[in-house]
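# Architecture and fold: a report
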Amino acid sequence: MNASRGEYAHEPLAIAEFARLILGERPSPDQIDPDPEQRAALREWHLADASGTFRAKEGVDPTDLAAAGWGVIFPATIDAAPLREALQWRQVQAGPRYRECFGPQGYRPGEGKAAFLRWQGGASGPVDPDRFPYYLLLVVRLKQFLSVFSTSSMCSMRSGVFTSIRSRNTPPMPAAWYRPNATA
Amino acid sequence: MVFAGVQYPDDMATSRSLHGLVQPLVAELANHPPCGDWLFELIAGAEATKDRLLHLLYAEPPTLLFTASYGVEFEAVDPRQLPHQGAILCADWPGP
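Residues numbered from 1 in each chain as written. Chains lettered and ligands numbered in written order. Predicted model: local features only at pLDDT ≥ 70, side-chain atom pairs only at ≥ 80, totals over all residues. Heavy atoms only, no water.

## So, the overall build of chain B
What counts, and what does not: Comment: elements are numbered from the N terminus, with helices defined as DSSP H or I runs of at least four residues and strands as E runs of at least two. A simple rule labels every residue: compare its accessible area, found with a 1.4 Å probe on the protein chains alone, to the largest value its type can have, and call it buried under 20%, exposed over 50%, or partly exposed in between. We call two residues in contact when some of their heavy atoms are within 4.5 Å. A 1.4 Å probe and the Shrake-Rupley method give the accessible areas. Residues count as covered only by the protein chains that appear here.
If you tally the helices and strands in chain B, you get three helices and three strands. Taken from the N to the C terminus, the helices and strands of chain B come in the order β-α-β-α-β-α. Counting the 96 residues in chain B, one finds 27% classified as buried. Long-range pairs, those at least 24 residues apart, make up 58% of the contacts in chain B between residues at least 6 apart in sequence. Total accessible area on chain B stands at roughly 6200 Å², and carbon and sulfur atoms take up 59% of it.

Printed below as a string of structure tokens:
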């Protein structure tokens, strides 16, 4: 019983859903609890449990960019200058845990997640923001978008993709944010 | 041994815990041949008040006190969380 709110702490669980839990069918969090707050918490744990790597290390508040860190990854061939002004806000928020990967530090075609993180100083598993940011914005050319994600290069991190880059070699493209499960 | 089962009117969860757990458990134990000289007391429904349970805990503690009730939780920002988190919700709770 939630005494702060004066109501049930958890909404009643339907017997059918309870049975599915017992049988190990791992029902979606949306089917377990109609309370949005509880559902959001359940979804967080479900994702963390399912992915095994979808979280920051113990003690890091993922809602605080200064603690969790924020970074942007450009392909090595894309000029970062057009986005520099837009990135300043995140730089202020993340402070010393802000990271830009571009040019020689940028993403190289065909590179996998583990290899990329290794030479960036990061590692797989729970993210240590002191080594590499928890939140990442991936910048790609639209025509490369699917190939980037089909290699699962960054899929275990909280990532977003910004696909509107003007360069001398490519025509302007529409902007789109890809937000798998969290704010980039 | 004392078994206390709280039950609120029109509340399915406490009704089931009392009638489906506490009462059958007491009946099973009391009628179990090896129970020896153990005495079993059932405190059911409206009798499971805060005063009654406090008396059992501090004045006349039984060898075993088994309770079935709601537990109380508080929001993280609620100052009552530290002293009262996990408290037993007794039968004389006036409701929200």
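## Section: the overall build of chain A
Within chain A, the regular secondary structure consists of seven helices and five strands. Ordering the α and β elements of chain A from the N terminus gives α-α-α-α-β-α-β-α-β-α-β-β. A burial count over chain A gives 41% of its 184 residues as buried. Restricting the contact set of chain A to residue pairs at least 6 apart, pairs at least 24 apart contribute 54%. For chain A, the computed accessible surface area is about 10300 Å², with 56% contributed by carbon and sulfur atoms.

## Topic: the interface of chain A and chain B
The test is simple: Buried surface area refers to the total accessible area, computed with a probe of radius 1.4 Å, that the two partners give up upon joining, counted for both partners together. Salt bridge criterion: a side-chain nitrogen from Lys or Arg within 4 Å of a carboxyl oxygen from Asp or Glu. Any residue outside Ala, Val, Leu, Ile, Met, Phe, Trp, Tyr, Cys, Pro, Asp, Glu, Lys and Arg is labelled polar, Gly included; the first ten of those are nonpolar and the last four are charged.
Contact residues are listed per partner, giving eleven residues for chain A and 13 residues for chain B. Summed over both sides, the interface between chain A and chain B buries roughly 920 Å², with carbon and sulfur atoms accounting for 48% of that surface. Among the residues chain A hides against chain B, the three largest losses belong to M1, A3 and S4 of chain A. Together they make up 56% of the total. Counting across the chain A and chain B interface gives one salt bridge. For R5 of chain A, the salt bridge is made with E75 of chain B, and the minimal N-O distance between the two is 3.3 Å. Partitioned by chemical class, the residues of the side of chain A that touches chain B number five nonpolar, four polar and two charged.

## Observations concerning the packing of aromatic side chains
All names here are of chain A. Quick reminder of the rule: Stacked, edge-to-face and tilted are the three classes for Phe, Tyr and Trp ring pairs, Trp counted by its six-membered ring, which pair at centre distances within 6.5 Å; planes under 30 degrees apart are stacked, over 60 edge-to-face, the rest tilted.
According to the stated counting rule, one finds ten aromatic pairs over all chains in the structure shown. Consider the rings of Y107 and F116, whose centres lie 6.2 Å apart with planes at 55°: the pair is tilted. Just as Y107 is buried, F116 falls in that class too. Taking the centre distance of 5.7 Å and the plane angle of 75° together, the rings of F116 and W119 count as edge-to-face.

## Regarding the sheet that holds strand 1 (residues 2-5) of chain B
All names here are of chain B. To keep it simple, the criterion reads: By this definition, two strands are paired if DSSP reports at least two bridges between them. Angles here are taken between N-to-C directions and fall from 0 to 180 degrees, while the axes themselves are lines fitted to C-alpha atoms, restricted in helices to the stretch in contact.
The strand order across the open sheet built from three strands is 2-1-3, with neighbouring strands paired in parallel fashion. The open sheet has two free edges, formed respectively by strand 2 (41-44) and strand 3 (65-68), since each of these has just one partner strand. The sheet shows a mean angle of 15° between the axes of neighbouring strands, direction not considered. Alignment of strand 1 against strand 3, held across four bridges, turns out to be parallel. Its bridge partner lying in strand 3, V2 is registered against L65. Seen against the sheet, helix 1 (residues 12-30) touches strand 1, strand 2 and strand 3 and runs at an angle of roughly 165° to strand 1.

## Things to note about the layout of surface pockets
Residues and elements named next belong to chain B. Inclusion rule: Cavities and pockets were defined on a 1 Å grid built over protein atoms only: a cavity is a set of grid points that admits a 1.4 Å probe from which the probe cannot escape, a pocket is an open set flanked by protein on both sides within 12 Å along at least five of seven lines, and lining residues are those with an atom within 4 Å of any such point. Grid points are joined across faces, edges and corners, and a volume is the space filled by probe spheres set on the points.
A volume near 560 Å³ is recorded for the largest pocket. Surrounding the largest pocket, 22 residues form its lining, K50, A87, I88, L89 and C90 being those nearest its centre. Here the lining of the largest pocket takes four residues from helix 2 (residues 50-58), the largest share from any one element. Broken down by class, the residue content of the lining of the largest pocket amounts to 15 nonpolar, four polar and three charged.

## Let's talk about the confidence of the model for chain A
Residues and elements named next belong to chain A. Under the convention used in this document: Every residue is assigned a pLDDT by the predictor, reflecting its confidence on a scale from 0 to 100.
Taken residue by residue, chain A gives an average pLDDT of 73. The fraction at 70 or more is 67%. In the model of chain A, strand 5 (residues 177-178) stands out as the element of lowest mean pLDDT, 36, in contrast to strand 2 (residues 98-101), which has the highest, 94. Contacts for the low-pLDDT stretch residues 147-157, under 50 throughout, to residues beyond four places or in other chains number 27 contacts. Segment residues 163-184: pLDDT under 50, and 47 contacts once partners within four positions in sequence are set aside and those in other chains are kept.

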